[in-house]
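Listed here are the chains, written in short residue letters.
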Amino acid sequence: MAELHEHKVKRLHMRSMRRGIKEMDLILPSYASTRLATMDDAALSLYDEMLSENDHDLYQWVTGQTPAPEPFTALIADIQIHLAANPL
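Residues numbered from 1 in each chain as written. Predicted model: local features only at pLDDT ≥ 70, side-chain atom pairs only at ≥ 80, totals over all residues. Heavy atoms only, no water.

**Remarks on helix α2 (residues 22-35)**
Each α-helix turn comprises 3.6 residues. Residues three or four places apart therefore point the same way. Taking 1.5 Å of rise per residue, 14 residues should cover 20 Å, and α2 covers 20 Å from first to last C-alpha, within 8% of that figure. The complete set of buried residues in α2 reads M24, I27, L28, P29, Y31 and A32. (Helix = DSSP H or I, 4+ residues; strand = E, 2+ residues; numbered from the N terminus. Expected span 1.5 Å × (residues − 1). Buried < 20%, exposed > 50% of the residue type's maximum accessible area, 1.4 Å probe, protein only.)

Have a look at this one:
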């Protein structure tokens, strides 16, 4: 049975809040609150996959210290845009 869209959004929002480093605990919940509900299933699946990556790698990608790998390039760019428009 496929996961309902609203359940997937809630699950991913919770995963966004429970990270390994404080910086990502601040960045991802803000992004999740504003973007996840409007994402389609493919985008949510990609976000879910991204959340499985190491937090130190995620932080370096989001802050531009290292380039994000494919297929996360567009998603990380969207997180960067969100972060620029909504500074912590």
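Next comes the rest of the write-up.
**Re the packing of aromatic side chains**
In total, this model carries two aromatic pairs according to the counting rule given. Between the aromatic rings of W61 and F72, the centroid separation amounts to 5.9 Å while the plane-to-plane angle is 25°, which identifies the pairing as stacked. In this pair, W61 is assigned in helix α4 (residues 55-62) and F72 in the loop between α4 and α5 (73-85), connecting sequence segments eleven residues apart. Residue classification places F72 among the buried positions, given a relative accessible area of 3%. (Phe/Tyr/Trp six-rings, centres within 6.5 Å; stacked < 30°, edge-to-face > 60°.)

**A closer look at the nonpolar core**
A general feature of soluble globular proteins is that nonpolar side chains tend to end up buried together. The biggest cluster of nonpolar side chains holds 22 residues, and the ones touching the most others in it are L28, L36, Y47, M50, I76 and I79. In terms of residues, this core owes the most to one element, α2, which gives five residues. Those residues in contact with M50, other than ones at most four positions away along the chain, are L28, L58, F72, L75, I76 and I79. (Core = buried A, V, L, I, M, F, W, Y, C linked by side-chain atoms within 4.5 Å. Contact = heavy atoms within 4.5 Å.)

**Quick notes on the environment of R15**
Relative to the elements of secondary structure, R15 occurs in helix α1 (residues 5-17). Ignoring any residue separated from it by four or fewer positions in sequence, one finds R15 in contact with D48, L51 and S52. A distance of 2.4 Å separates the side chain of R15 from the side chain of D48, its partner in a polar contact. (Polar contact = N/O pair within 3.5 Å; in protein donor to acceptor, adjacent residues only side chain to side chain.)

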